[in-house]
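Observations on the model geometry
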Amino acid sequence: MLRTFFLLSMPWVFLSACINTEPPSNPFREPVNYAVGESPSHMITADLNADGEVDIIIANSQDNNISILFGKNDGSFPNIRTLKTGNQPRWVVAGDFNGDQKIDLGVVNNGGDNIVILLNRGGGNFMKSMRIKTKRSPQSATVNDFNGDGHLDIAIVSRFDYLLILLGDGSGRFKRKKEIDTGAIPTDIISGDFNGNGLIDLLTANNGTPSSDLLFFWGKGDGNFVEGTHYRTGMNPLAVITADFNKDSYPDLLAVNGMGDSLTLFVSNAEGKGFEKVSDFGADGGPTSVIAHDFNGDTLLDLVVTNTRSSNISYLTGKKDGRFNHPPLNLYTGKAPFYIVTGDFNQDGRMDIAVTNNNEASMSVLLAKNTDF
């Protein structure tokens, strides 16, 4: 049963400049489904067993565990391992937390109000390093080096106005650096140098009052952050990504709005020092996550959106101004597709996608077609 968000049905919002007459051609093969745990939500990709292949890690909210699917170079995932992590795992992050050249994991447990650090012992085997208490209902996390000491740190947002900064010491352990009141209900967080000053910043998506928005926290380089600019989105933004959609060499922003069935595009200004709202546009019912990549080989970024309520994913091709063509191509993967990732799973030089199906306890893999661009 889908429990993570309540999504309301509202009319699509489209710009006439985005209208085409036909959906794009399908760049993917038919989905191949793999059984995972109940209510799979977030997932990430990483090479956990150092075999050069892409593996997939999935948080199974209702089974209190994560599924690790070890990839083969033909794009299949025949070996699956399950690890108990805590109450209602909601999010997963990855990185070499202890400097041993192996990819470790952090699992955010929404029902347990904590994050569990799992250190990689080799071969895809893990041991718990520590369990760190958060405030109620942690939702999302991001990994980066916030204080410039060469060790990975973690930032976590909780549903109740809360941002927690954890600084890593390079041994696989973390200490609290700062707790920030976001003044809203954060649903997602990403990190990067968003203002071009060489320091790592944070960006949260917030379902707040009086309006839903994106909120920057500018990094000071020592693990501290100061609140920055707000950018208003559609209702209840659930996810945000950054990419250069209009090819001006500056990062742009795209928010996924759970209520109103829309996405909001912001493009950077000419100096890359701020963002301007370009458009609100839709894909289908109940969007929850999105990825950006040039799937059709025209050098423009395309989108694939998971639509939980309509139980499909939407593929939208990019335009030169950073916007996207409509109508999209809608594809069925399973019941209530929730989260999506991309990776070259079969090592053919083309990016594939994988989707968690929240109401079906499955993951779908869609390999790219062998089409010459």
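Residues numbered from 1 in each chain as written. Predicted model: local features only at pLDDT ≥ 70, side-chain atom pairs only at ≥ 80, totals over all residues. Heavy atoms only, no water.

**Side note on the packing of aromatic side chains**
Scanning the model with the defined rule gives 16 aromatic pairs in all. When the centroid spacing of 5.2 Å and the interplanar angle of 70° are considered together, the rings of Phe28 and Phe295 count as edge-to-face. Linking Phe28 in the segment before strand S1 (32-35) with Phe295 in the loop between strand S22 (287-293) and strand S23 (302-307), this pair joins segments that are 267 residues apart in sequence. Of the two residues examined, Phe28 and Phe295, each falls in the buried class. Seen in terms of ring centroids, Phe77 and Phe345 are 5.5 Å apart; in terms of plane orientation they differ by 80°. Their pairing is edge-to-face. (Phe/Tyr/Trp six-rings, centres within 6.5 Å; stacked < 30°, edge-to-face > 60°. Helix = DSSP H or I, 4+ residues; strand = E, 2+ residues; numbered from the N terminus. Buried < 20%, exposed > 50% of the residue type's maximum accessible area, 1.4 Å probe, protein only.)

**Some thoughts on the sheet that holds strand S2 (residues 40-46)**
Within the open sheet, the four strands sit side by side as S2-S3-S4-S5. Their pairing is antiparallel. At either margin of the open sheet sits one strand with a lone partner, and together these are S2 and strand S5 (79-84). Across the sheet, the axes of successive neighbouring strands diverge by a mean angle of 20°, strand direction being ignored. When strand S4 (residues 65-70) meets S5, the two strands line up antiparallel, connected through six bridges. (Pairing = 2+ DSSP bridges. Axes fitted to C-alpha atoms, helices over the stretch in contact; angles between N-to-C directions.)

**Observations concerning the nonpolar core**
Counting 31 residues, the largest nonpolar core has Ile56, Ile117, Ile154 and Met363 as the members making the most contacts within it. Not counting residues up to four positions away in its chain, the partners in contact with Met363 are Val32, Asn33, Tyr34, Val36, Met43, Ile56, Ile58, Leu69, Ala354, Val355, Thr356 and Asn357. Counting 16 residues, the second-largest nonpolar core is a separate cluster that includes Ala243, Leu254, Val305 and Phe324. (Core = buried A, V, L, I, M, F, W, Y, C linked by side-chain atoms within 4.5 Å. Contact = heavy atoms within 4.5 Å.)

**Focus: the side chain of Asp104**
Note on placement: Asp104 falls in strand S7 (residues 104-109). Only 2.7 Å separates the side chain of Asp104 from the backbone nitrogen of Asn120, close enough to count as a polar contact. When residues no more than four places from it in sequence are discounted, the contact partners of Asp104 are Val93, Ala94, Gly95, Asp96, Phe97, Asn98, Leu118, Leu119, Asn120 and Phe126. (Polar contact = N/O pair within 3.5 Å; in protein donor to acceptor, adjacent residues only side chain to side chain.)

**Regarding the environment of Gly86**
Topologically, Gly86 is positioned in the loop between S5 and strand S6 (89-95). In this structure the C-alpha to C-alpha distance between Gly86 and Asn110, which are 24 residues apart in sequence, comes to 8.8 Å. Sequence-distant contacts of Gly86, defined by excluding residues within four places in its chain, comprise Asn64, Asn109 and Arg131.

**Re the side chain of Asn358**
Note that Asn358 resides in the loop between strand S27 (352-357) and strand S28 (362-366). Residue Asn358 is classed as buried on the basis of its relative accessible area of 2%. Looking at Asn358, its side chain comes within polar contact range of the main-chain oxygen of Pro40, at 3.0 Å.

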